[in-house]
Each structure stands twice: as C-alpha cells, then as structure tokens.
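# An overview of the molecular structure
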Amino acid sequence: MNWRRVAGTVARGVGLLLLAGNGFMYLRYFGDPPNSRVSELQSVAGPLNTVWRLGLYGSRFTFLLALFGKGWLRGAGTAVSAATFLVCLMLLGAACGPFAC
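A brief structural summary. Within any chain, residue numbers begin from 1 and follow the written order of that chain's sequence. Only residues with pLDDT of 70 or above have their local features reported here, since the model is predicted, and side-chain atom pairs are shown and tallied only from 80 upward, although totals for entire chains, interfaces and linings are computed over all residues. Heavy atoms throughout the structure, all of them, feed into the side-chain values; hydrogens and water do not.

Where helices and strands are cited, they refer to DSSP runs of H or I of at least four residues and of E of at least two residues respectively, numbered from the N terminus. When its secondary structure is counted, the protein chain shows four helices and zero strands. The order of helices and strands in the protein chain, counted from the N terminus, is α-α-α-α. Accessible area is worked out with a 1.4 Å probe on protein chains only. A residue is then buried under 20% of its type maximum, exposed over 50%, and partly exposed in between. Put simply, the protein chain has 101 residues, and 27% of those count as buried. By the convention used here, residues are in contact when the closest approach between their heavy atoms is within 4.5 Å. Considering only contacts within the protein chain whose residues lie at least 6 apart along the sequence, 77% involve residues at least 24 apart.

In structure tokens:
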C-alpha cells in the first residue's frame, strides 16, 4: 500500500470515530428539549468535555491528514473531518447559547 492511501484511510477512520462520538453526544444530551437531562449532564460533564475537545482538535488533525490522502479517500476524509468540526460547533452553540458561555 502507498503511504498516501494509508494516510487517507487513517484520517477517514479516526474522523468517523470522532463524528460518531460527538454526534451521539449531540443527540443524547442536546437534541431533546432543554432541561430534560440536566442532572445526567452535570454528572458526566468531565468526560463529555474530553470527547468534545478530542472532536474539535482531532477534526483539524484528521483534515490535515486527509489532505495527504489519495483518490476518493482524500475526499471522504475531508468530508468526515468537516462534518465532525461542524457537529462540534453545533455542540458549542447548543451548550452555550447565542451569547457565549
């Protein structure tokens, strides 16, 4: 295998994991109407913060790694990384509201 194909595959795989983690977090804790999971959200705030930071900074890393990919892996890795970054921004907006935290 070419190193560029490996880079594209790794970027796409890691990006999909980050997207799944942040997408689950958005649907579980912020997709419902407000105040439905407040007590649960307060008890798991630390791990959720870690997952969100991994998604935010990891999406930038996987985006740069995907740029070294070859063929359709480059496009797939770039799209997955952009989607992960978008979900992280959606989480930030849902958690903090329009006037910041």
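Right, let's get into the nonpolar core. Core analysis: the largest hydrophobic core is formed by eight residues, namely M25, Y29, L48, W52, L56, V87, C88 and L91. Taken together, the elements giving at least two residues each to this core come down to α1 (3-30), α3 (45-66) and α4 (72-96). Excluding residues within four positions of it along the chain, M25 makes contact with F30, L48, V51, W52 and L91. Nonpolar core, defined: a set of buried Ala, Val, Leu, Ile, Met, Phe, Trp, Tyr and Cys residues in which side-chain atoms within 4.5 Å join the residues together.

Moving on, we get to the pattern of salt bridges. Think of a salt bridge as a Lys or Arg side-chain nitrogen and an Asp or Glu carboxyl oxygen that are within 4 Å of each other. For the structure shown, the criterion picks out one salt bridge. Measuring nitrogen to oxygen at the nearest pair gives 2.7 Å for the salt bridge that ties R28 to E40. Taken together, the residues R28 in helix α1 and E40 in helix α2 (residues 38-43) connect sequence positions 12 residues apart. Judged by its relative accessible area of 30%, R28 is partly exposed.

Everything listed here is a matter of geometry and, on its own, says nothing about what the molecule does.
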